[in-house]
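Structure assessment
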Amino acid sequence: MRRVSTITAAGITTAALAFTLTACGESSTESGGGSNGKGVGLAFDVGGRDDHSFNESAARGLDKAEKELGVKGKMMTAKNGETEAEREQRLSSLADAGYNPVIGVGFNYAKSIEKVSKEFPKTSFAIVDSVVDSPNVDSITFGEHEGSYLAGVAAALKSKTGKVGFIGGVNNELIKKFEAGFVQGAKDTNPKIEVSPEYLGNTDKGFNDPAAAKDKAKGMLDRDIDVIYTAAGLSGNGSAEAVAGKKDAWAIGVDSDQYQQPGLAKYKDHILTSVVKNVDVAVFDMIKSVKDGKPLTGTHQYLLKDGGVSLSTSGGFIDDIKAKIEEKKKEIVDGKVKVKSTP
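Here's a quick rundown of the structure.

Conventions and cut-offs
- Residues numbered from 1 in each chain as written.
- Predicted model: local features only at pLDDT ≥ 70, side-chain atom pairs only at ≥ 80, totals over all residues.
- Heavy atoms only, no water.
- Helix = DSSP H or I, 4+ residues; strand = E, 2+ residues; numbered from the N terminus.
- Expected span 1.5 Å × (residues − 1).
- Buried < 20%, exposed > 50% of the residue type's maximum accessible area, 1.4 Å probe, protein only.
- Polar contact = N/O pair within 3.5 Å; in protein donor to acceptor, adjacent residues only side chain to side chain.
- Pairing = 2+ DSSP bridges.
- Axes fitted to C-alpha atoms, helices over the stretch in contact; angles between N-to-C directions.
- Contact = heavy atoms within 4.5 Å.
- Left-handed = near helix turned anticlockwise from the far one by under 90°.
- Nonpolar A, V, L, I, M, F, W, Y, C, P; charged D, E, K, R; others polar.
- Right-handed = clockwise from strand over helix to strand, strands pointing away.

So, on to helix H5 (residues 173–189). Between its terminal C-alpha atoms H5 stretches 25 Å, which fits the 24 Å expected from 17 residues at 1.5 Å a residue. With 12 of its 17 residues buried, H5 lies for the most part within the structure. For H5, the full list of buried residues reads Leu-174, Ile-175, Lys-177, Phe-178, Glu-179, Ala-180, Gly-181, Phe-182, Gln-184, Gly-185, Ala-186 and Thr-189. The distance from a side-chain oxygen at the start of H5 to the backbone nitrogen of Leu-174 is 3.2 Å, and the residue carrying that oxygen is Asn-172.

Take a look at the structure:
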């Protein structure tokens, strides 16, 4: 049986990238620092580093490693609708070039990491949001449903219409964890509240389609839904834009503290809170383990009790309900509330 552990989260400092280049029709960024081999290969999911969400969080982990550990790093980005062969090629090219560890950001890399890790047994790999049973792979998972439960509590307490919405990027098992927690948190707080879960589709494009999310959010706003939680990567930018166009409406961000994202600054007065998923901490932990000569392997869970997920307080918009949120957080941590991982 593989070892499962939980890891405590830490603070993150962001460093700048050196330069950007393009190769093989995909985004690729290489940054300097340090002299220990090639350094880290970071393979993003669709949306790339500047999605202000999931990928951005992973990038901050590499930024910190560059600054504090003196490592080098190369970042590459997936495209909409790519094949398994294309993902395998991206990972193989990084491993073959000598990057170690090689990290796949997103569950879509699970099959390709399973295959490529066997082809490069001396290279350490990591997969975010999935579990791969290989001796040289660190499988990183999170308590998304727990953080989303707290978002549901906040949404229910802040809604004036008694109607809240959830927009998922892709209708799959992972994003349904976000939905499940959010719905449960809202219903536990106000049994009469109406929760409307909707999805952008069944393909990866759902994480890279701000226009579709904007339209979806507009439709919800037209139905008097006044708090919208979007778990859809880059697509969430479109949802935030729609919400910002309506008075007394709130958006809830995901993965990164979206109130603090420069690219979303013009919408921040409508960003109630964000479910922060500390991918940056997990990425840094993995890089450091390889740097120290003790690569992490097995499955590592980053949960609410460890600070692996949390609810941001930037903007002060949930200060008035902070006591209630802390109460619910304690109930989850103490095991008094069991958060569902499926709707």
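On we go from here.
We now examine the sheet that holds strand S15 (residues 309–311). A sheet is described by the order of its strands in space; here 6 strands give the open sequence S10-S9-S11-S12-S13-S15, paired in mixed fashion. Looking at strand neighbours, the two that pair on one side only are strand S10 (194–199) and S15, the edges of this open sheet. Put simply, the sheet's adjacent strands are angled 15 degrees from each other on average, direction ignored. Bridge count for strand S9 (residues 163–168) against S10 is 6 bridges, and the pairing is parallel. Residue Gly-165 lies in a different strand from S10, and its bridge partner there is Ser-196. The strands touched by helix H6 (residues 210–222) within the sheet are S9, S10 and strand S11 (227–231), with S9 carrying the most contacts at an inclination of about 165 degrees.

Where H6 meets helix H7 (residues 236–244), the closest approach of the two axes is 6 Å, and the angle between their N-to-C directions is 35 degrees. Judged by the sense of rotation from one axis to the other, the crossing of H6 with H7 is right-handed. For the pair formed by H6 and H7, the contact residues are Pro-210, Ala-213, Lys-214, Ala-217, Lys-218 and Leu-221 on the first element and Gly-238, Ser-239, Glu-241, Ala-242 and Val-243 on the second. Class assignment for the residues of the contact of H6 with H7 results in 6 nonpolar, 2 polar and 3 charged.

Attention now moves to the pairing of S11. Walk down a regular strand and you will see the side chains alternate between the two sheet faces. Of all 5 residues making up S11, 5 are buried, and the element is well covered by its neighbours. Every second residue of S11 is oriented toward a common face, with Val-227, Tyr-229 and Ala-231 on one face and Ile-228 and Thr-230 on the other, all of them buried. Sheet analysis places S9 next to S11, joined by 5 bridges and oriented parallel. By the bridge assignment for S11, Ile-167 is matched with Thr-230. In the sheet, S11 pairs with strand S12 (residues 250–255) via 3 bridges, with the strands oriented parallel. When the sheet's bridge partners are listed, Ile-228 is paired in S12 with Ala-251. Tracing the backbone out of S11, into H7 and back to the parallel element S12 gives a crossover that is right-handed.

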